[in-house]
Amino acid sequence: MERRVLKDWTANRIFEKSLRLSQKELVFYDGPPFPTGAPHFGTIFVSILKDTLARFFTMDGFSVPRRWGWDCHGLPIENAVEKKLGIKDKTEIEKTLGVAEFNNACRRLVSDCNAAWEEYIRKIGRWVDYKNAYRTLDPKYMESVLWVFKQCYDKGLIYKDYRVTPYCYHCETCLSISDIRESDSTRPRQDPEIVVTFKALDDIGDKPTYYLAWTTTPWTLISNLVLAVGENYHYAAFEHEDKIFIMARDLLPRWKELSGSTPKIIREFEGRALVGKKYVPIFPYYRDLAKEGYFRILAADFVTLEDGVGIVHCAPAFGEDDYWLCKRNGLGVRNPVDAKGCFTPEVKEYAGRNVHDCNKDIIHWLKENHFLLVHKTIEHNYPHCWRCRTPLIYRAMDAWYFAVEKIKGRLLKHNEEINWVPEHVQRGRFGKWLEGARDWNISRSRYWGTPIPVWECSNPNCGEKLVLGSAAEINKYTKNSLSDLHKEFLDEVTIPCPKCSQTMRRVPEVLDCWFESGSMPFGQCHYPFENKDWFEKHFPADFIVEYPGQIRGWFYYLHVLATALLDRAAFKNCLVHGTLLSEEGHKISKSKKNFTDPMELIDKYGADAMRLYLLNSPAVVMEDMNFKDSGVHDQIKQVLLPLWNSYSFFATYANIDGYTGQADHLPESTHPLDKWILAVLYETEKKVEKAFRTFYLNQSVSPIVEFIDELTNWYIRQSRERFWGNGLTSEKKCAYDTLYYALISVLKMLAPSAPFVADYLYKLLTGEESVHLAKWPYIPEQYRNDELIAETAVARNIVSLGLALRQKAGRKVRQPLPALKIVIPSGVERETVNHQMAMIKNELNVKAVEFIADPAAIATLRVVPNPRVIGPKFGKEVQKIIAAAKSGKVREAGDKVIVNDGNQEWKLERADVEISYIGKGGDALCENGILALLDTAVSAELKEEGIANELNRAVQVMRKEAGYAVSDRIKMEIEGPLSEAWKKHIADLALAEQINISEQEADVTKSFDIENRPFRIAIRKISS
Ligand SMILES: [Zn+2]
Ligand SMILES: [Zn+2]
């Protein structure tokens, strides 16, 4: 079915047509995925959400263009190419292969990968414009990025600085703070955990005194330049093996834990007393700096008492906090580590070796030279490169920064204008992230990205800089205009310095690919070089949808660049969806194989089932969801099959009666069932529409599921006989009109979520081209009927109690029973039940429903108080209350339950007790205040009727087996002990005339044994 629908969509260009339905446009931005990533569960989920919303808004009267995008640049692509070409490090790219060749390889890779996506996305039914996808590698897109850069630069928002940043020594580039907050970038790692001693220059008393410091990066001790303490913390000096050690007093228990010895405190002081004290560096390499004010203790607020010893060793080249502390105190940086993460010749002993690899030898040296006090191993979460998985280091280097902190106030203000779903993201994760926002490192020492368009004078004394923000500006300095703006092209462009006439060259870095995806509103339409009008109508986006990772990613960078350039938010509504976990609640992982390939599930159960399951889950609004394959299957049983069955029911009878519905015809029926289902339809539409409009998609499916249940399990069940009679009477037409209207309305409501089945059935019902070109169904207010809905709810409640009682008593529904006795709660009128009486009797197959005023007449109240709840309220009396309740000294009084043991009376809340009823002369059940007891005494007369019902049922089955059409008239013989009156009744219902039929003449003959009576039935079609 789905394959056929897909074919129709393509052949009839339904998506394209849906875009042309309206002049009013709703703007949607698609967050660009990396083409190298394979589509996975998350991408399928987000695609379903985007598609569902867009389909709704299309039906709601908007044109919703959906343009695909590709994030073609950046480390993920470069890493994939490195792997493919077997490249180990950057020298190979620069010296052996050449940047141009490397970038060509990236270009090829990116264009190879796209096809897999299209098939995935098509299969789940997502409509999106692939052909016009924007790609961040297109020269036009890149030109817009250059323009964005220049705008920001001119506004003073971009600067170059030497500071500490997260750094990957495999990729040989710095990363941004967001990169290390990527969901999969923090992973457990084992590191040494050591406490070392720094010899103080001032001893306490006559014993040598040492400052203790704790670290998990022993290799940074080589470049230690200062120590830091908290001014207000308390420090203690204690004696240990004839030496004095100083550390934070509150962490002494930890010292005990680490060293196994109890410290003997000899002096205490505040941290401020230590500030300015000098010490001897452990390693010799920078010893000379002592004269310049290094190797002393500084006060810092980043020192905590959470771990370590309360004194922090600082290597300003390798710690962000360390760096700023030194900078504020007028101290510089010493960095003996090169771009590959190896020590430089400055550190003779370890030169050329990777810093992490040196830890072991450094610890050994510390031990040999008596600097090491404690050596353990710690497993902690450590940032890794999100692409190549190398453990990161922090390293001071030159980089380009975006001054986010400068515009923080505006960022926060414009956040107020965004409608976040769920709401808490606004003040929560996004708002908090904005409040803590830091300047953004936008440069990468890499190749495959939009180059930073800054040219610097090669004369170190000149300092002239030129920023070029368009291809035209760049082409002023080239012989032939450039066809491409990648690094290999722009690096060739040199400019004579206007100040000193030496040569200006481009800085080597390229932009962080987040800068590019954040420029998407401009880049996708080559703004401002083209499409100025179009841009103005397509900024900001009306809605965007992505996963929570984008709170610090794409959402954030869109917001930063839109605020910087246009001083407004980039999007009005933002839906943040949650995470799909494995059935057991673990992260879905390919290596653990703890999930089924979603495509396999779609092939098995269909895309509609997958969509309904996901849409009806809390994961739509940022919660987690444990994904169960059976959940997809359930959608078929619970939604799609019942829907299909109600369609079949309609189609079968409409076919017989030659009924054709008109899609725009509003049914006018006075039949209570019709009025009821229309009232339910009205209520359902309100709920579904609200869910879509507010972007709380998770509430869009369940009202429809409930409606389908009401339609099949109540409306159609109750209405069956109305469709049976001959000819199209006006009463029958009302039933048809109503069912038809209900069906096409519910299909329209379902169309955004389950686009295949909705379209398939809608086309069968209406003959129209597609449900996706139809308008959203607005159910007129005239159908609203809350009273009728409440009334039917009571009736259904009574029926479900009655059926449960039948089951308990082992009485089949086909056996008529004399009566159901009910007690209704004070809030419900008998009149209300009477309105539905015929239906209740019919459904329960009882001859009468009797109202009973006093519940005690049919059942004994049983009250079991909950001791844990009443305990605090009644104290010592609890035992008396429980005993009295147990012996039945209880009665109900309004919303209270009274317990009276003859001496004393207690009023209990209903919620504090468990209430049940023991029926008198049968089982009793109570639900929602309705108490019911079924009279199961079967008289001889009722027994006859029951048998007739069984036979009637058997005949229906036989008719089906014989392949008769519902309207076929037949001949029938019923042989067996039953009155002629009942036999005639059965024949009438079966459209049969009674006649003797021999075995040979019969189409079907069957024998039955019912209540120990033998029967034989034969049927034969009357040939026309
Ligand atoms: Zn890396
Ligand atoms: Zn110059």
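Because the structure is predicted, anything quoted here is derived from the model rather than measured.

### What to know about the pattern of salt bridges
Taken as a whole, this structure holds 68 salt bridges when the rule is applied. Across the pair Lys 50 and Glu 546 runs a salt bridge, and its minimum N-O distance is 2.9 Å. Of this pair, Lys 50 sits in helix H3 (residues 41–59) while Glu 546 is found in strand E23 (residues 541–546), placing the two residues 496 residues apart along the sequence. Accessibility classification places Lys 50 together with Glu 546 in one group, the buried group. With its nearest N and O atoms 2.7 Å apart, the salt bridge here joins Arg 55 to Asp 51. Of this pair, Arg 55 and Asp 51 are both found in helix H3, four residues apart, which corresponds to roughly one turn of the helix. Classification of Arg 55 as buried rests on a relative accessible area of 2%. On the accessibility criterion, Asp 51 (0% relative accessible area) is buried. One network of salt bridges, in which partners are shared, links Asp 30, Lys 50, Arg 126 and Glu 546.

### Quick look at helix H33 (residues 940–962)
For H33, spanning 23 residues, the distance from its first C-alpha to its last is 33 Å, which sits close to the expected 33 Å at 1.5 Å a residue. Gly 963 sits one or two positions beyond H33 and adopts a positive phi of about 80 degrees.

### Comments concerning the sheet that holds strand E32 (residues 905–909)
Strand order in the open sheet formed by three strands is E30-E31-E32, and the pairing between neighbours is antiparallel. Looking at the sheet topology across the chains shown, the edges are occupied by strand E30 (890–893) and E32. Strand after strand, the sheet turns through a mean of 30 degrees between neighbouring axes, direction not considered. Bridging between E30 and strand E31 (residues 896–900) involves four bridges; their strand directions are antiparallel. Each residue of the ladder has a partner; that of Val 890, found in E31, is Val 899.

### Some details on the coordination of the zinc ion (ligand 2)
Coordination of the zinc ion (ligand 2) by the protein comes from Cys 457 (SG), Cys 462 (SG), Cys 497 (SG) and Cys 500 (SG), over a distance range of 2.2 to 2.3 Å. For the zinc ion (ligand 2), the four donor atoms are set out with angles of 94 to 117 degrees between them, so the coordination reads as tetrahedral. Between consecutive donor residues of the zinc ion (ligand 2), the sequence gaps follow C-x4-C-x34-C-x2-C. Taking relative accessible area as the criterion, Cys 457 reaches 10% and is therefore assigned buried. A residue is classified by how much of its surface remains accessible, and Cys 462, at 16% relative accessible area, is buried.

### What about the coordination of the zinc ion (ligand 1)?
Geometry reference: four tetrahedral donors at a metal, ideal angle 109.5 degrees. Six octahedral donors, ideal angles 90 or 180 degrees. Here the zinc ion (ligand 1) is held by the protein donor atoms Cys 168 (SG), Cys 171 (SG), Cys 385 (SG) and Cys 388 (SG), which lie 2.2 to 2.3 Å from it. For the zinc ion (ligand 1), the four donor atoms in the first shell make angles of 101 to 117 degrees at the metal, a pattern classed as tetrahedral. Donor residues binding the zinc ion (ligand 1) come from one chain and are separated in sequence as C-x2-C-x213-C-x2-C. One end of the pair, Cys 168, is in strand E3 (residues 158–168); the other, Cys 385, is in the loop between strand E13 (372–383) and strand E14 (393–402), with 217 residues separating them in the sequence. An identical accessibility class is assigned to Cys 168 and Cys 385; each is buried.

### Looking at the sheet that holds strand E7 (residues 226–229)
Reading across from one edge, E11-E7-E12 is the order of the three strands in this open sheet, with mixed pairing throughout. Of all strands in the sheet, those with a lone pairing partner are strand E11 (297–299) and strand E12 (311–314), marking the two edges. Ignoring which end each strand starts from, the neighbouring axes of this sheet average 35 degrees apart. By the bridge criterion, four bridges tie E7 to E12 in an arrangement that is antiparallel. Each bridged residue has a counterpart across the sheet, and for Val 226 the counterpart in E12 is Cys 314.

### A look at the environment of Val 110
Mapping Val 110 onto the fold places it in helix H6 (residues 99–112). For the pair Val 110 and Ala 80, spaced 30 residues apart in sequence, the C-alpha separation works out to 10.0 Å. Setting aside chain neighbours within four positions, we find Val 110 in contact with Pro 35, Cys 72, Ile 77, Leu 137 and Trp 448.

### A few points about unusual backbone geometry
The amide bond that connects Val 421 to the next residue, Pro 422, takes the cis arrangement and shows omega of 0 degrees. Tracing the backbone shows Pro 422 in the loop between strand E15 (419–421) and helix H14 (424–435). The omega torsion across Phe 539 and Pro 540 is -5 degrees, close enough to zero to call that bond cis. One can find Pro 540 in the loop between helix H19 (532–537) and E23. Of note in the backbone geometry, Phe 295 takes a positive phi value of approximately 55 degrees without being a glycine. Within the secondary structure layout, Phe 295 lies in the loop between strand E10 (264–270) and E11. You will see that Phe 695, though not glycine, has its phi angle at about 70 degrees, which is positive. Here Phe 695 lies in the loop between helix H24 (672–693) and helix H25 (702–719).

### Focus on empty space enclosed by the protein
Overall, the coordinates contain three cavities of 30 Å³ or more when judged by the stated rule. Around the largest cavity, the lining comprises 13 residues; the ones closest to its centre are Gly 74, Leu 75, Arg 444, Asp 512 and Cys 513. For the lining of the largest cavity, the secondary-structure elements that each account for two or more residues are helix H4 (75–85) and strand E22 (510–511). The residue inventory of the lining of the largest cavity, partitioned by class, reads seven nonpolar, one polar and five charged. Looking at the second largest cavity, the residues that line it are Leu 221, Ile 222, Asn 224, Pro 281, Ile 282, Phe 283, Tyr 286 and Phe 295. When its residues are assigned to classes, the lining of the second largest cavity shows seven nonpolar, one polar and no charged.

About the thresholds
- Residues numbered from 1 in each chain as written.
- Chains lettered and ligands numbered in written order.
- Predicted model: local features only at pLDDT ≥ 70, side-chain atom pairs only at ≥ 80, totals over all residues.
- Heavy atoms only, no water.
- Salt bridge = Lys/Arg side-chain N within 4 Å of Asp/Glu carboxyl O.
- Helix = DSSP H or I, 4+ residues; strand = E, 2+ residues; numbered from the N terminus.
- Buried < 20%, exposed > 50% of the residue type's maximum accessible area, 1.4 Å probe, protein only.
- Expected span 1.5 Å × (residues − 1).
- Pairing = 2+ DSSP bridges.
- Axes fitted to C-alpha atoms, helices over the stretch in contact; angles between N-to-C directions.
- Donors = N, O, S within 2.8 Å, 3.2 Å for Na, K, Ca; no water.
- Tetrahedral: all angles 85-135°; square planar, octahedral: opposite > 155°, others 65-115°.
- Contact = heavy atoms within 4.5 Å.
- 1 Å grid on protein atoms, 1.4 Å probe; cavity = no way out; pocket = protein on both sides within 12 Å on 5 of 7 lines; lining within 4 Å.
- Points joined across faces, edges and corners; volume = space filled by probe spheres on them.
- Nonpolar A, V, L, I, M, F, W, Y, C, P; charged D, E, K, R; others polar.

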